[in-house]
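Per-entry structural report
Now for the letters of each chain:
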Amino acid sequence: MIDRKNHSVRGLLQRHSGLITLSVCALLAVSIACTGGSQSPLPPFKVNSDVSQLMHDVVYPSAHVVWKSVGTIMTEEGTEEIRPRSDVEWEEVHSGARTLMEAGNLLMMEGRAKDNDKWMERCLELIDAAGTVLASAEAYDADAVFDQGELIYNSCENCHWDYRYEDDPNII
């Protein structure tokens, strides 16, 4: 009888984890030695939008694509369930979530980042929240998109409480 556990990828990785780790370390050491340990300069970035413009033109519209994609409208005439029903509609949700993830990265760029601590944490919260929506959209799971839309909302509100409302308490 064949022992499938030992012939699986997991079994191979478990049996050879030391060798794999050693190989990765050796490869890393060789690559550092070949470059002389110097790092290539980062590519130049030209920030063309401030945080407010990025919020208005990228974050806000993308979040609304997600939030408006799933819901329930109840009236005297009846109940309407809103859900993506075609591949095109699911692609819109997917695109909205992916755009939010990348917006989180854009918000962390030098020239936009307010600090290197809490601001970065808030941006990562947005990226993670949008990532959960993206996974749900890829699984065509409308209920999960609805539930996880709250994670996006909360990540936005957390940042607003830390930075926006503090700067202008009249916004609340």
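Since we're looking at a predicted model, the values are computed, not measured.

What follows deals with the overall build of the chain. The helix and strand inventory of the chain stands at seven helices and two strands. Taking as baseline every contact in the chain between residues at least 6 positions apart, the subset at least 24 positions apart corresponds to 58%. Carbon and sulfur atoms make up 56% of the accessible area of the chain, which totals about 12,300 Å².

Turning next to the packing of aromatic side chains. Tallied over the entire structure, the rule returns three aromatic pairs. Ring plane angle 80° and centroid distance 4.9 Å describe the contact between W119 and Y163, whose orientation is recorded as edge-to-face. With W119 in helix α6 (residues 118–138) and Y163 in helix α7 (residues 142–167), the pair connects residues that are 44 residues apart, well separated along the chain. For the pair formed by W119 and Y163, the shared burial category is buried.

At a closest axis distance of 8 Å, the pairing of helix α5 (residues 87–107) and α6 adopts a crossing angle of 165°. The angle between α5 and α6 places the two elements in the roughly antiparallel class. α5 and α6 meet at a crossing whose hand is left-handed. Residues W90, V93, H94, A97, R98, L100, M101, G104, N105 and L107 of α5 lie in contact with α6, whose contacting residues are W119, C123, L126, I127, A130, G131, V133, L134, S136, A137 and E138.

Among the nonpolar cores identified, the biggest contains 29 residues, and V66, L100, L107, W119, V133, V145 and I152 are the most heavily contacted of them. Of all the secondary-structure elements, those providing two or more residues to this core are α4 (51–67), α5, α6 and α7. Broken down by element, this core gets its largest block of residues, ten residues, from α6. Excluding residues that lie within four positions of it along the chain, L107 makes contacts with V51, L54, M55, R112, A113, W119, C123 and L126.

With that out of the way, let us pick up the pairing of strand β2 (residues 78–82). The side chains of a regular strand alternate between both faces of the sheet. Pairing geometry for strand β1 (residues 71–75) and β2, over five bridges, is antiparallel. Following the sheet pairing, T72 is matched in β2 by E81. The turn joining β1 and β2, which pair antiparallel and follow one another in sequence, is formed by two residues.

Along the chain, the position of D141 falls in the loop between α6 and α7. D141 gets classed as partly exposed once you look at its relative accessible area, which sits at 34%. With 58 residues separating them in the primary sequence, D141 and R83 have C-alpha atoms 9.5 Å apart. Those residues within four positions of D141 in sequence are excluded, and the remaining contacts are W90 and S136.

Attention now goes to a negative patch on the surface. Negative charge collects at one region of the surface, where D87, E89, E91 and E92 lie side by side. By the secondary structure assignment, E89 is in helix α5. A residue is classified by how much of its surface remains accessible, and E89, at 33% relative accessible area, is partly exposed.

Moving on, we come to the packing of α4 against α5. Where α4 contacts α5, the axes come no closer than 8 Å and their chain directions differ by 150°. When the axes of α4 and α5 are compared, the pair comes out roughly antiparallel. With respect to the hand of their crossing, α4 and α5 are arranged in left-handed fashion. In contact with V51, L54, M55, V58, V59, S62, A63, V65 and V66 of α4, α5 contributes E92, V93, G96, A97, T99, L100, A103, L106 and L107. Split by residue class, the contact of α4 with α5 holds 14 nonpolar, three polar and one charged.

What counts as what
- Residues numbered from 1 in each chain as written.
- Predicted model: local features only at pLDDT ≥ 70, side-chain atom pairs only at ≥ 80, totals over all residues.
- Heavy atoms only, no water.
- Helix = DSSP H or I, 4+ residues; strand = E, 2+ residues; numbered from the N terminus.
- Contact = heavy atoms within 4.5 Å.
- Areas by Shrake-Rupley, 256 points an atom, 1.4 Å probe, with all protein chains shown as cover.
- Phe/Tyr/Trp six-rings, centres within 6.5 Å; stacked < 30°, edge-to-face > 60°.
- Buried < 20%, exposed > 50% of the residue type's maximum accessible area, 1.4 Å probe, protein only.
- Axes fitted to C-alpha atoms, helices over the stretch in contact; angles between N-to-C directions.
- Parallel < 35°, antiparallel > 145°, perpendicular 65-115°, else oblique.
- Left-handed = near helix turned anticlockwise from the far one by under 90°.
- Core = buried A, V, L, I, M, F, W, Y, C linked by side-chain atoms within 4.5 Å.
- Pairing = 2+ DSSP bridges.
- Patch = residues over 30% accessible without salt bridge, like charges linked within 9 Å, V, L, I, M, F, W, Y side chains within 5 Å.
- Salt bridge = Lys/Arg side-chain N within 4 Å of Asp/Glu carboxyl O.
- Lys, Arg positive; Asp, Glu negative; His and termini not counted.
- Charge placed at Lys NZ, Arg CZ, Asp CG, Glu CD.
- Nonpolar A, V, L, I, M, F, W, Y, C, P; charged D, E, K, R; others polar.

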